[in-house]
Amino acid sequence: MSSSSSGVSEISWGDGSSSKDSHKKQPKRRECRAVGCDVDLRQLGKPYCLKKGLCPEHIKAQSLHIKGVAGATYRFCQQCGKLEPLNFFQAQKRSCRAGLERKRLADRRHLQRLRDTAKSAKWLLLPAAEQRAASVRRGRRARRPAAAAAAAAAESDMSPCLDAAADAAEAEP
């Protein structure tokens with residue numbers, strides 16, 4: 001017997017392993033749930049397949065039978081992420097009717113929100129001249145683009161000089 005640092009004695013076997021190691025469980029083999037498939041999902045290295053309990057081949061299958069469920073035919077729904085009875089699907093689609101309806105409803109809500117936002121911020125979508133007019137109507141000072149504002153400022157600064165030069169030219173006979 002050997003004593004470990006925690007004070008618990010361990011039985012030492014000749015091969016270097018201890019009794020503590022023999023109590024550890026080996027990971028169970030996790031097989032695909034489809035009938036006739038014995039693919040080890042842990043060996044695939046695909047977490048999604050392991051989570052759903054199906055190999056990639058059966059996730060994509062048009063129909064499959066599940067181990068332990070007699071007579072029922074299923075298909076994997078991509079919207080719901082689970083196996084659904086085959087009669088929940090339209091033709092060859094990979095999403096069940098309920099999943100498709102939820103998706104359509106979510107799309108409609110999203111488009112309506114975009115339309116509502118566009119209506120409330122309609123002035124943002126107008127050309128620049130109309131934006132200035134709209135902001136004046138709302139009581140805000142119209143802003144000019146930086147280049148136009150600079151040109152206007154330069155013109156107003158030079159106007160007294162130009163006026164004085166024009167007056168001097170008129171005064172000379």
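Residues numbered from 1 in each chain as written. Predicted model: local features only at pLDDT ≥ 70, side-chain atom pairs only at ≥ 80, totals over all residues. Heavy atoms only, no water.

**Q** Honestly, the state of the cysteines in this entry has me stumped. Any pointers?
**A** A covalent bond bridging the sulfur atoms of two cysteines is what the word disulfide describes. Scanning the model with the defined rule gives zero disulfides in all. The thiol of Cys49 is not disulfide-bonded; the next cysteine sulfur, from Cys55, is found 7.2 Å away. In this structure Cys80 is not part of a disulfide, and its nearest cysteine sulfur, from Cys96, lies 3.5 Å away. (Disulfide = S-S within 2.5 Å.)

**Q** Honestly, the side chain of Ser95 in this entry has me stumped. Any pointers?
**A** Along the chain, Ser95 turns up in the loop between β4 (82-85) and α5 (97-120). For Ser95, a relative accessible area of 9% gives the class buried. Aside from chain neighbours lying at most four places away, what touches Ser95 is Cys77, Gln78, Gln79, Phe89 and Leu100. (Helix = DSSP H or I, 4+ residues; strand = E, 2+ residues; numbered from the N terminus. Buried < 20%, exposed > 50% of the residue type's maximum accessible area, 1.4 Å probe, protein only. Contact = heavy atoms within 4.5 Å.)

**Q** Can you walk me through the nonpolar core in this structure?
**A** The nonpolar side chains of a soluble globular protein tend to be buried with one another. Counting residues in each nonpolar core, the largest one holds 14 residues, and the members touching the most others are Cys32, Leu54, Leu64 and Leu83. When near neighbours in sequence (up to four residues on either side) are disregarded, Leu83 contacts Arg33, Leu54, Leu64, Ile66, Tyr74, Arg75 and Phe76. (Core = buried A, V, L, I, M, F, W, Y, C linked by side-chain atoms within 4.5 Å.)

**Q** Even after reading the chapter, I still don't get unusual backbone geometry, so can you show me in this structure?
**A** Of all residues except glycine, most have a negative phi; of all peptide bonds, most are trans. Of note in the backbone geometry, Ala91 takes a positive phi value of approximately 45° without being a glycine. Looking at the secondary structure, you find Ala91 in the loop between β4 and α5.

**Q** What should I look at first to understand the packing of aromatic side chains in this one?
**A** Each aromatic ring pair is described using two quantities: the centre-to-centre distance and the angle formed by the ring planes. Scanning the model with the defined rule gives one aromatic pair in all. Relative to Phe76, the ring of Tyr48 has its centre 6.3 Å away and its plane inclined at 90°; by these criteria the two rings are edge-to-face. In this pair, Tyr48 is assigned in helix α3 (residues 47-52) and Phe76 in strand β3 (residues 74-77), connecting sequence segments 28 residues apart. If you follow Arg75 out to its NZ or CZ, it ends over the ring of Phe89, 5.0 Å from the centre. (Phe/Tyr/Trp six-rings, centres within 6.5 Å; stacked < 30°, edge-to-face > 60°. Lys NZ or Arg CZ within 6 Å of the ring centre and 35° of its normal.)

**Q** Please clarify how the pairing of β4 should be interpreted in this entry.
**A** The side chains of a regular strand alternate between both faces of the sheet. Here β3 pairs with β4 via four bridges, running antiparallel. Bridging from a neighbouring strand, Cys77 pairs with Lys82 of β4. Between the antiparallel neighbours β3 and β4 lie four residues, among them Gly81 with a positive phi of about 75°. (Pairing = 2+ DSSP bridges.)

**Q** What exactly am I supposed to notice about the pattern of salt bridges here?
**A** Where charged atoms of side chains with opposite charge meet at close range, the side chains can pair. For the structure shown, the criterion picks out four salt bridges. Linking Arg104 and Glu101 is a salt bridge whose minimum nitrogen-to-oxygen distance equals 3.4 Å. Pair noted here: Arg104 and Glu101 are both in helix α5, with a separation of three residues, about one helical turn. Residue classification places Arg104 among the partly exposed residues on the basis of a relative accessible area of 38%. The exposure class of Glu101 is partly exposed, given its relative accessible area of 38%. Here Glu101 and Arg108 are joined by a salt bridge, their closest N and O atoms 3.7 Å apart. (Salt bridge = Lys/Arg side-chain N within 4 Å of Asp/Glu carboxyl O.)

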